[in-house]
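Per-entry structural report
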Amino acid sequence: MKAFTRLFTRLDRTTRTSLKVEALEDYFRAAPPADSAWALWVLSGARVKRSVHTGRLREWVAEAAQIPLWLLEESYDAVGDLAETLALLLPEPPKADRDPPALHQVMDDWILPLRRRSDPEKKELLQEAWDRLEPQERLVFHKLITGGFRVGVGRKLVTRALASVVGMEPAVLAHRTTGRWEPTARDFLLITSPDADLPDPGQPYPFLLANPLENGPAELPGPPECWQVEWKWDGIRGQLILRDGEVLIWSRGEELVTPTFPEVAEGARILPSGTVLDGELLAWKGEGPLPFHQLQRRLGRKRVGRKLLDEVPVTFLAYDLLEQGGEDLREKPLKERRRRLEALFSQRNLESPTKVDPPGESRAGLPLALSPLVRVESWAAAAELRGRSRELRREGLMLKDRESAYGVGRIRGPWWKWKVDPLSLDGVLIYAQRGHGRRASLFTDYTFGVWDGDDLVPVGKAYSGLSDAEIREVDRWIRGHVVDRFGPVRAVEPGLVFELAFDGIRPSSRHRSGVALRFPRMARWRRDKPPSEADTLAGVLGLLQRMERDG
Amino acid sequence: MSTDLIRLDPCGLYVPAADIHVDPWRPVERAVITHAHGDHARRGSRQYLTSRRGQGVLRARMGTDARIETLDWGERLRVGDAILSLHPAGHILGSAQVRIEVGGEVWVVSGDYKLTSDPTTTPFEPVGCHVFISECTFGLPVYRWPDPKEVFESILEWWEENAASQRTSVLFGYSLGKAQRLLAGIHERTGRHGAPGPILVHGAVHRLLAPYREAGIALPEVEMANRSSAEQAGGRALVVAPPSAGGTSWIRAFSPSSTAFASGWMRLRGTRRRRGGDRGFVLSDHVDWDGLLNAVEATGAQRVGLTHGNTAAAARYLREDRAIDSWALPTRFQGEAGAETDDPEADDGGDTPRTDDSSPKGGAAT
């Protein structure tokens, strides 16, 4: 735990990638496999099941710190990180000889058993842990038991560091650490041994992610013919794996979601074993996709009822072929992968490969289909089509380099997402709350309202879009214009107007305004506008009606 | 509250019985100044009263024309119907608490204070009173200060590491108080074991060393920090500079460097990370949570007014858990308690000593 805490501290201290990699390498070089396994597990974002109800945890820490619970909450509000708040509040550990256990012992002896204990036993176990850990070790411990471990390193960085320590290609290691393995010394040694023959058929490939195309395609290298154009679908990225007679569906978050999409899993059995598809999971009915909020009803379910299957059928739209006949195709150029993908689908009499967009594409309700190519003669034609994205319930266009290999992660070059311009409205800042993490103690979480008669009704919350200097200025303004407080939330005078950009709008019974915005963010601070000139609820509802009608 | 010895008027804390203000926000006839930081000592008042130990730094801030009178620790002065005296607050050199007695009732205004050890100040002395007006910049239980000894050890370790890899160590701390405390603390240690390299200081820090040396505070030999002195040191130097120097072209002259902040706000990871420095050392000149509770208890006060920071939470805690009648005093003109002053960008409680005294904040408010 000492070494892992030192790693955490080093990672936490720096924003420089080189120093982070150095810290990770130092750790993996020295740590025993049982510890490395857990470190790799948590640092690459895999979940440790929450073992204590955080409400309980707060009560016990308040009790140990001899403060009332509300004061703990006030403290959390100022700190912005629960694990850290609890570590800061606990009394100093006894000065006696402490021998903090190794990371794997912390996991095996404390954290994993914790889940099966009764409340009084949990409390006792936690007290034992607190007594044996230094304050900074406690912070790490709390991060482990509350199940959210983020220290500014992604899987990619962890993989890179570990690959260099064990002498493997990062891509190979990334593949092996994606998906199913257990944080044990045995599995760790297996996936980090360069010659290991891995029997598990279920591993997905790391996803290739697209970069946003900020200024349009004109600045891309090569004419439109060099680019494969597709719609950008408003669904969930997924990987469909058929190996050894088994069908697996992985989400981009590397969660196994096979039971959530039984119709897709069933439909995919038509494909031969040794096939891996990259594509989009979409709610699809009749001639086109359903809005994203319909798809959301299907998510997170272990079992899906008949009724929901009928109301929100899901289709997997394939757009890439990563493996065929058990052969890894990722190094082949996209045009070759696409050719094979189309041939495969045509063979199985799935989506006709000659079928192309623009709109009116069919084959509704099939659980498996091909994401059609969009043929464009020029970038101008592409721009025109992109302009119709919203009415077609698409997010824009994807532009993929036809010669490119299927790389790992968000690399610049091969894939670009050219999203439709966001919708926007002018909202008045009405509530503010302190941020978390890096922005703890500044008021950075804002709620915006639009006019409903003389009232401002909330339509959305936004956290991003302002510069650090603007955030500080807004923070100062907020502190001077508080009119009411509800716990951590401050109501402020209507004074500041912001242009909010958002990707969609849907009816919501949870919001007083009756609508909720999708991905709202601050496009700019409208210093030029008085609050009286902000948008009205009637205007927003009109927008919703137009979108429902068009879509 | 009509019988209160102190009330809030547009200029700040006012003592009607003595017709005098404590740390007024605007120019007044007579001002008692707890200490020379910009948000406590403002230019333009006709007459100032401060501690004898604090006279030098206040003079450096208020200019040669200001009329400054002084009191020794505990020396009693009758002003109108009130008896005033000043008592050590332990915040910076000469920082005082103000004791006000009228007809047997005693109020104490703490100014900024701390209970942790600091060789550059006279240690805080609790003063028995009926009503205690206390600062509360760090009034939440997450703020508990480590032993300064340990903090200085880690500062030296950091400096040594940097020196070994020829990276200049740039340490940010306020030019008045924090910088001298850092220098004195480092001096205490390096005096015995030797320093990893020379100590260089920013001009704003340099200007305020004289009053400290004159007051008999042991400070190390320092040089002005600039490109040539840093180059001469070959990456072994420690540069002490005010936070306002961060990100300027001046600071870039010391590259390659490792930067660090010394402040109570460094107790929180979020602030440490946001400040963008490589390290954060938890070293504050303000009272922490335990210190606040101890100080309140030591005064024996039945009523406690809290100012700066998380006043609402601390006041509620004193009322509900310690049965002490406690309330939050607004600071300056902000609506939100702790406005401005709990902004970590302003560092230790908005004690924003400026490198330039003519800046709007340090100058006379209108």
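Residues numbered from 1 in each chain as written. Chains lettered and ligands numbered in written order. Predicted model: local features only at pLDDT ≥ 70, side-chain atom pairs only at ≥ 80, totals over all residues. Heavy atoms only, no water.

So, the overall build of chain B
Test applied: Counting from the N terminus, the helices are DSSP H or I runs at least four residues long and the strands are E runs at least two residues long. The buried label applies to any residue whose accessible area, calculated with a 1.4 Å probe on protein chains only, is under 20% of its type's maximum; exposed applies above 50%, and partly exposed to all values in between. Whether two residues touch is decided by their heavy atoms; if any such pair falls within 4.5 Å, the residues are in contact.
A tally of helices and strands in chain B yields 10 helices and 19 strands. Per-residue burial for chain B yields a buried fraction of 63% across its 366 residues. Taking the contacts inside chain B whose residues are at least 6 apart along the sequence as the reference set, 61% of them involve residues at least 24 apart.

A word on the packing of aromatic side chains
Residue and element names in this part refer to chain A. Note the threshold: Classification of ring pairs uses Phe, Tyr and Trp, with its six-membered ring standing for Trp, and accepts pairs whose centres are within 6.5 Å; under 30 degrees between planes counts as stacked, over 60 as edge-to-face, and the remaining range as tilted. By definition here, charges over rings are those cases where NZ of Lys or CZ of Arg is within 6 Å of the ring centre and within 35 degrees of the ring normal.
A complete count under the given rule lists 21 aromatic pairs over all chains for this structure. Geometrically, the ring pair formed by Tyr 27 and Phe 28 is edge-to-face, given 5.7 Å between the ring centres and 75 degrees between the ring planes. Of the two residues, Tyr 27 and Phe 28, both sit in the buried class. Aromatic pair Trp 41 and Trp 181: ring centres 5.3 Å apart, planes at 80 degrees, arrangement edge-to-face. Of the two residues, Trp 41 is situated in helix H3 (residues 33-43) and Trp 181 in the loop between helix H11 (170-177) and helix H12 (185-191); the sequence distance between them amounts to 140 residues. Both residues of the pair, Trp 41 and Trp 181, count as buried. Three or more aromatic residues joined by ring pairs make a cluster, and in this case those are Tyr 446, Phe 448, Phe 498 and Trp 525. If you follow Lys 400 out to its NZ or CZ, it ends over the ring of Tyr 319, 4.0 Å from the centre.

Here's the deal with the sheet that holds strand E3 (residues 20-22) of chain B
Residues and elements named next belong to chain B. Our working definition: Strands pair, by our definition, only if DSSP identifies at least two bridges between them. Axes here mean lines fitted to C-alpha atoms, for a helix over just the part in contact, with angles spanning 0 to 180 degrees between N-to-C directions.
Read across the open sheet, the 6 strands follow the order E1-E2-E3-E4-E5-E6; overall the sheet is mixed. Whereas interior strands pair on both sides, the edge strands pair on one side only; in this sheet they are strand E1 (7-9) and strand E6 (68-71). Put simply, the sheet's adjacent strands are angled 35 degrees from each other on average, direction ignored. Two elements, strand E4 (residues 30-32) and strand E5 (residues 47-51), share 3 bridges in a ladder whose sense is parallel. Counted as the bridge partner of Ala 31 is Tyr 48 from E5. Lying on the sheet, helix H1 (residues 55-62) is in contact with E5 and E6; it crosses E5 at an angle near 145 degrees.

What to know about the domain arrangement of chain B
Residue and element names in this part refer to chain B. Short version of the rule: Note that the domain bounds reflect an automated or database-derived domain assignment. Criterion for a salt bridge: a side-chain nitrogen of Lys or Arg within 4 Å of a carboxyl oxygen of Asp or Glu. Polar contact is the term for a pair of N or O atoms within 3.5 Å; when the atoms are in protein, one must be able to donate a hydrogen and the other to accept it, and sequence-neighboring residues count only if both atoms are side-chain atoms.
Its domain assignment divides chain B into domain 1 (7-143 + 285-350) and domain 2 (148-281). Relative to domain 2, the C-alpha centre of domain 1 lies at a distance of 28 Å. Tallying the contact residues gives 28 residues for domain 1 and 23 residues for domain 2. There are 2 salt bridges connecting domain 1 and domain 2. Two residues, Asp 285 and Arg 181, come together in a salt bridge whose shortest N-O distance is 2.8 Å. Here domain 1 and domain 2 share 6 residue pairs in polar contact (both at pLDDT 80 or more) between them.

Topic: the nonpolar core
Quick note on the threshold: What makes a nonpolar core is a set of buried Ala, Val, Leu, Ile, Met, Phe, Trp, Tyr and Cys residues whose side-chain atoms join them at distances within 4.5 Å.
Within the largest apolar cluster, 111 residues are counted, with the highest numbers of intra-cluster contacts made by Phe4(A), Leu43(A) and Phe141(A). It is H3(A) that provides the largest number of residues to this core, a total of 7 residues. Beyond its immediate stretch of four places on either side in the chain, Leu43(A) contacts Phe4(A), Leu7(A), Leu11(A), Leu24(A), Phe149(A), Val151(A), Val153(A) and Val158(A). One finds Ala41(B), Ile92(B), Leu93(B) and Leu208(B) within the second-largest nonpolar core, a separate group that totals 42 residues.

Brief notes about the sheet that holds strand E10 (residues 394-401) of chain A
Residues and elements named next belong to chain A. Read from one edge of the open sheet, 4 strands run E1-E11-E10-E2, paired in mixed fashion. Where the open sheet ends on each side, the last strands, each with one partner, are strand E1 (211-212) and strand E2 (227-233). The pairing of E2 with E10 spans 7 bridges and is classified as antiparallel. Counterpart to Gln 228 in the pairing with E10 is Lys 400. The strands that helix H17 (residues 379-386) touches are E2, E10 and strand E11 (415-419); relative to E11, the one it contacts most, it runs at about 55 degrees.

Observations concerning the packing of helix H1 (residues 2-13) of chain A against H3(A)
Residue and element names in this part refer to chain A. Which entries qualify depends on this criterion: Left-handed describes a crossing whose near helix is turned anticlockwise from the far helix by less than a right angle; the clockwise case is right-handed.
Interaxial distance between H1 and H3 falls to 11 Å at its minimum, and their mutual angle equals 35 degrees. Viewed along their axes, H1 and H3 form a crossing whose handedness is right-handed. On H3, the residues touching Phe 4, Leu 7 and Leu 11 of H1 are Ala 39, Val 42 and Leu 43.

Here's the deal with the pairing of strand E3 (residues 236-243) of chain A
Residues and elements named next belong to chain A. Counted residue by residue, E3 has 8 buried out of 8 residues, so it is predominantly covered. Direction of pairing for E3 relative to strand E5 (residues 275-285): antiparallel, over a ladder of 7 bridges. Residue pairing in the sheet places Gly 238 in a bridge with Gly 279 of E5. Sheet topology places E3 next to strand E4 (residues 246-251); 6 bridges connect them, and they run antiparallel. Looking at the pairing, Gln 239 lines up with Trp 250 of E4.

Structural notes on unusual backbone geometry
Residue Pro256(B) follows Ser255(B) across a cis peptide bond; omega there is 0 degrees. Structurally, Pro256(B) can be placed in the loop between helix H7 (249-252) and strand E16 (257-262). Notably, Gln66(A) is not glycine yet its phi reads approximately 55 degrees, a positive angle. Residue placement: Gln66(A) occurs in the loop between helix H4 (54-65) and helix H5 (69-79). Owing to a relative accessible area of 66%, Gln66(A) belongs among the exposed residues under this scheme. Positive phi outside glycine occurs at Asp244(A), with the angle close to 50 degrees. Tracing the chain through its elements places Asp244(A) in the loop between E3 and E4.

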